[in-house]
Amino acid sequence: MKTTTQSVTTDHAIRNEANRVINALNHANYPIDPIVAESVIESLQTIAEVLELPVAKTLHIRLIAIRNNIHVNQVVA
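Reading guide: rules and limits
Residues numbered from 1 in each chain as written. Predicted model: local features only at pLDDT ≥ 70, side-chain atom pairs only at ≥ 80, totals over all residues. Heavy atoms only, no water. Helix = DSSP H or I, 4+ residues; strand = E, 2+ residues; numbered from the N terminus. Expected span 1.5 Å × (residues − 1). Buried < 20%, exposed > 50% of the residue type's maximum accessible area, 1.4 Å probe, protein only. Arc of directions from axis to C-beta. Contact = heavy atoms within 4.5 Å. Patch = residues over 30% accessible without salt bridge, like charges linked within 9 Å, V, L, I, M, F, W, Y side chains within 5 Å. Areas by Shrake-Rupley, 256 points an atom, 1.4 Å probe, with all protein chains shown as cover. Salt bridge = Lys/Arg side-chain N within 4 Å of Asp/Glu carboxyl O. Axes fitted to C-alpha atoms, helices over the stretch in contact; angles between N-to-C directions. Parallel < 35°, antiparallel > 145°, perpendicular 65-115°, else oblique. Left-handed = near helix turned anticlockwise from the far one by under 90°. Nonpolar A, V, L, I, M, F, W, Y, C, P; charged D, E, K, R; others polar.

Examining helix H2 (residues 34–50)
- Helix length check: H2 (17 residues) gives 24 Å between terminal C-alpha atoms against 24 Å at 1.5 Å per residue, within 8%.
- Those residues of H2 that fall on the buried side of the exposure criterion are Ala37, Glu38, Ile41, Leu44, Gln45 and Ala48. All buried residues of H2 project into a common sector of 135 degrees when viewed along the axis, lining one side. Exposed side chains of H2 directed beyond 90 degrees from the buried face belong to Ile35 and Val50.
- Lining the buried residues of H2 we find helix H1 (10–26) and helix H3 (55–67).
- Glu52, located one to two residues past H2, shows a positive phi value of around 55 degrees.

Quick notes on a nonpolar patch on the surface
- A cluster of nonpolar residues, Ile35, Val36 and Val40, forms a patch on the protein surface that exposes about 230 Å² of accessible area.
- Within the secondary structure, Val40 sits in helix H2.
- In this structure Val40 comes out as partly exposed when scored by relative accessible area, which is 32%.

Focus on the packing of H2 against H3
- Contact geometry for H2 and H3: axes closest at 9 Å, N-to-C directions at 160 degrees. Judged by the inter-axis angle, H2 sits roughly antiparallel to H3. Once H2 is placed against H3, the crossing between them reads as left-handed. Residues Pro34, Glu38, Ile41, Glu42, Leu44, Gln45, Ala48 and Glu49 of H2 touch H3, and the partners they reach there are Val55, Ala56, Leu59, His60, Leu63, Ile66 and Arg67.
- Each residue belonging to the contact of H2 with H3 can be placed in one class, and the counts come to nine nonpolar, two polar and four charged.

Here's what the structure looks like:
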């Protein structure tokens, strides 16, 4: 699928959603429980793995960090 200025790839969409969760996890005024972030990232990782997207490996690494109480930054392209 050719991307246009109005579309994104599935990989980018999953990456964007993961970044929203990570931002909420790190945001003082809108905190979410780490278990919630872990669950969402795990779901996104499962989808990425099934679709064989490059972002799957990065999500796995971020998920391990969240589970080990390590500060997580955004998922970059």
